[in-house]
There are 2 protein chains.
Amino acid sequence: MNPSDLERQLAFLREIDRLKGIVRLTPLIDRSRRENSAEHSWHLALYALVLAGHAAGTVDVLRVVKMLLIHDIVEIDAGDVPFHVPSTHAGQAERERLAAERIFGLLPDAQAAEFRDLWFEFEAAESDDAKFAKALDRFQPMLHNAATDGGTWVECEVTLEQVKSRCRPPIEGGAPALWTVAAQFAEEHFREPPQES
Amino acid sequence: MNPSDLERQLAFLREIDRLKGIVRLTPLIDRSRRENSAEHSWHLALYALVLAGHAAGTVDVLRVVKMLLIHDIVEIDAGDVPFHVPSTHAGQAERERLAAERIFGLLPDAQAAEFRDLWFEFEAAESDDAKFAKALDRFQPMLHNAATDGGTWVECEVTLEQVKSRCRPPIEGGAPALWTVAAQFAEEHFREPPQES
């Protein structure tokens with residue numbers, strides 16, 4: 001490996017430090033603040049390690065972990081688009097595609113191609129690895145919402161039917177057992193009377 | 001997999017959300033705030049994926065990534081102990097051992113044993129995988145310090161000789177090429193006249 005490869009690798013590793021400044025809507029479980037996309041990605045990688053036995057298909061855990069570690073890096077350029085705020089979604093796919101080209105392109109060519117391909121595979125959500133990774137990315141915020149009296153369900157004023165129609169296909173498709181518990185969490189929340197403020 | 005295994009897995013995944021609230025001394029590269037241990041662990045996992053070709057020995061990338069994703073989880077109970085503040089280190093090994101037993105013990109038995117074993121292997125820093133993981137854990141803060149006019153080197157008032165004596169063995173032992181550039185970064189910083197405030 002020549003020196004310029006190492007320089008490109010370090011430039012990439014410095015650049016992605018900015019993902020720590022991209023703030024999502026999802027609250028931390030202790031409600032002290034909102035989650036950022038870097039720590040979210042760490043958490044999801046652990047979801048993959050711990051929950052791999054619940055994947056619908058046969059998965060390669062290292063590939064799933066790689067996808068989850070890099071899946072939000074495009075937000076450094078494109079920003080985070082909240083899942084339950086559809087009005088923000090227009091144009092996001094193209095902004096993210098351009099971000100993937102720029103940011104992964106900082107790496108040596110072979111690594112840039114590997115990360116770009118993995119990111120496109122995650123976005124397409126067609127392979128068993130990508131389906132499981134997507135399921136976890138939809139499941140984790142449901143766990144946080146259930147643990148915080150509704151979290152973004154309350155903030156975005158979504159109904160139980162909207163939660164189910166948006167979350168069931170990706171979660172059930174990648175990890176059916178996780179959809180069973182996620183649906184229970186949502187039903188318990190929406191069954192309760194609203195908290196008085 | 002029986003239902004209680006899934007319950008234990010979700011209890012663990014909820015508990016480790018607290019790592020996002022453990023703040024390290026190291027600054028983010030944009031100097032907006034200090035880094036927390038969850039986003040630090042995400043960053044290190046990407047260091048492992050990107051820099052695996054620089055490892056001194058033959059490494060299993062998935063094992064190295066797992067080690068780095070879990071290496072700081074013990075800080076939820078034991079707190080972060082700054083590398084360049086040796087006066088805080090007394091008793092920390094025992095506090096971390098107890099934390100590993102409690103927190104990894106939330107998982108189903110087989111997974112608890114796997115994570116505990118990986119964490120002890122990382123701490124011992126004897127296997128090729130653990131040596132490389134430790135090297136990255138020491139290298140990343142040097143990159144941040146170099147990018148922030150000295151970072152914790154300035155804050156902890158350490159000398160170039162202290163940086164070299166503390167960082168060279170773990171980094172050179174796990175990734176010699178990374179020590180070469182890290183030493184250059186440190187020498188450049190300590191050669192410059194102090195910044196006027």
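Residues numbered from 1 in each chain as written. Chains lettered and ligands numbered in written order. Predicted model: local features only at pLDDT ≥ 70, side-chain atom pairs only at ≥ 80, totals over all residues. Heavy atoms only, no water.

Chemist: Hey, could you run me through the relation of the copies chain B and chain A in this one?
Modeler: Here chain B sits on chain A after a turn of 180 degrees about the axis and a move of 0.0 Å along it, with an RMSD of 0.0 Å. What we have between these two chains is a two-fold relation. (Least-squares fit on C-alpha atoms with pLDDT ≥ 70 in both.)

Chemist: Would you take a moment to explain the nonpolar core for this structure?
Modeler: The nonpolar side chains of a soluble globular protein tend to be buried, and buried together. By size, the foremost hydrophobic cluster in this structure holds 122 residues, and its most contacted members are Leu51(A), Ile73(A) and Ile73(B). Residues in contact with Leu51(A), not counting those within four places in the same chain, are Phe132(A), Leu136(A), Phe139(A), Leu178(A), Leu6(B), Gln9(B), Leu10(B) and Leu13(B). (Core = buried A, V, L, I, M, F, W, Y, C linked by side-chain atoms within 4.5 Å. Buried < 20%, exposed > 50% of the residue type's maximum accessible area, 1.4 Å probe, protein only. Contact = heavy atoms within 4.5 Å.)

Chemist: What's the story with the interface of chain B and chain A in this structure? I'm lost.
Modeler: Quite often, the size of an interface is put as the accessible area lost when its parts meet. Taken residue by residue, the interface counts 47 residues in chain B and 47 residues in chain A. With both sides pooled, the region where chain B packs onto chain A buries about 3900 Å², and carbon together with sulfur makes up 77% of that total. Three residues, Lys20(B), Trp42(B) and Val50(B), lead the burial of chain B against chain A; their summed loss comes to 19% of the area buried on that side. Counting across the interface, chain B meets chain A through two salt bridges. A salt bridge links Glu35(B) to Lys20(A), with the shortest nitrogen-to-oxygen separation between them at 2.7 Å. At the boundary of chain B and chain A, one finds 22 residue pairs in polar contact (both at pLDDT 80 or more). When contributions to the side of chain B that touches chain A are tallied by element, the ones reaching two or more residues are helix 1 (3-15), strand 2 (34-36), helix 2 (37-51), helix 3 (61-70), helix 6 (109-124), helix 7 (128-147) and helix 10 (176-191) of chain B. (Buried area = accessible area lost by both parts, 1.4 Å probe. Salt bridge = Lys/Arg side-chain N within 4 Å of Asp/Glu carboxyl O. Polar contact = N/O pair within 3.5 Å; in protein donor to acceptor, adjacent residues only side chain to side chain. Helix = DSSP H or I, 4+ residues; strand = E, 2+ residues; numbered from the N terminus.)

Chemist: I would appreciate a short explanation of the UniProt feature "domain: HD" (unreviewed entry) in chain A in the present structure.
Modeler: Here, UniProt's "domain: HD" (unreviewed entry) annotation points to residues 16-179 of chain A. Counted over residues 16-179 of chain A, helix gives 62% and strand 5%. Its end C-alpha atoms are 32 Å apart. (UniProt positions renumbered as here; feature names shortened; annotations may be inferred.)

Chemist: How should the packing of aromatic side chains be read in this particular structure?
Modeler: As enumerated under the stated definition, the model contains 12 aromatic pairs over all chains in all. Aromatic side chains Phe12(A) and Phe115(A) sit 6.0 Å apart centroid to centroid with 70 degrees between the ring planes, which places their arrangement in the edge-to-face category. Of the two residues, Phe12(A) is situated in helix 1 (residues 3-15) and Phe115(A) in helix 6 (residues 109-124); the sequence distance between them amounts to 103 residues. Take Phe12(A) and Phe115(A): they sit in the same class, and that class is buried. Both rings, one in Trp153(B) and one in Phe190(B), keep their centres 5.7 Å apart while their planes meet at 40 degrees; by these two values the pair is tilted. Note that Trp153(B) is positioned in helix 8 (residues 151-155) and Phe190(B) in helix 10, a separation of 37 residues in sequence. Members of the aromatic cluster, joined through ring pairs, are Phe12(A), Phe104(A) and Phe115(A). (Phe/Tyr/Trp six-rings, centres within 6.5 Å; stacked < 30°, edge-to-face > 60°.)

Chemist: Teacher, can you tell me more about the pattern of salt bridges here?
Modeler: Pairing is possible between side chains that carry opposite charge, provided their charged atoms lie close to one another. One pass over the full model with this rule turns up 38 salt bridges over all chains. A salt bridge links Arg63(A) to Glu121(A); the nearest nitrogen and oxygen atoms lie 2.7 Å apart. With Arg63(A) in helix 3 (residues 61-70) and Glu121(A) in helix 6, this pair connects stretches of sequence that are 58 residues apart. Here Arg168(B) ties to Glu172(B) by a salt bridge, and the two come within 3.1 Å at their closest N and O atoms. A residue pair is termed a helical-turn pair when its members lie 3 or 4 positions apart in one helix, as Arg168(B) and Glu172(B) do in helix 9 (residues 160-174) at four residues. Each of Glu15(A), Arg18(A), Asp77(A) and Arg102(A) takes part in one network of salt bridges that share partners.

Chemist: Would you take a moment to explain the packing of helix 3 of chain A against helix 7 (residues 128-147) of chain A for this structure?
Modeler: When two helices pack together, their arrangement is given by the angle between the helix axes and the distance between those axes. Residues and elements named next belong to chain A. Following both chains from N to C, one finds helix 3 and helix 7 inclined at 50 degrees, their axes separated by 9 Å at the closest point. On the basis of the axis angle, helix 3 is oblique to helix 7. Helix 3 and helix 7 meet at a crossing whose hand is right-handed. Across the interface between the two elements, Arg63, Val64, Met67 and Leu68 of helix 3 pack against Asp129, Ala130, Phe132, Ala133 and Leu136 of helix 7. Within the contact of helix 3 with helix 7, the residues separate by chemical class into seven nonpolar, no polar and two charged. (Axes fitted to C-alpha atoms, helices over the stretch in contact; angles between N-to-C directions. Parallel < 35°, antiparallel > 145°, perpendicular 65-115°, else oblique. Left-handed = near helix turned anticlockwise from the far one by under 90°. Nonpolar A, V, L, I, M, F, W, Y, C, P; charged D, E, K, R; others polar.)

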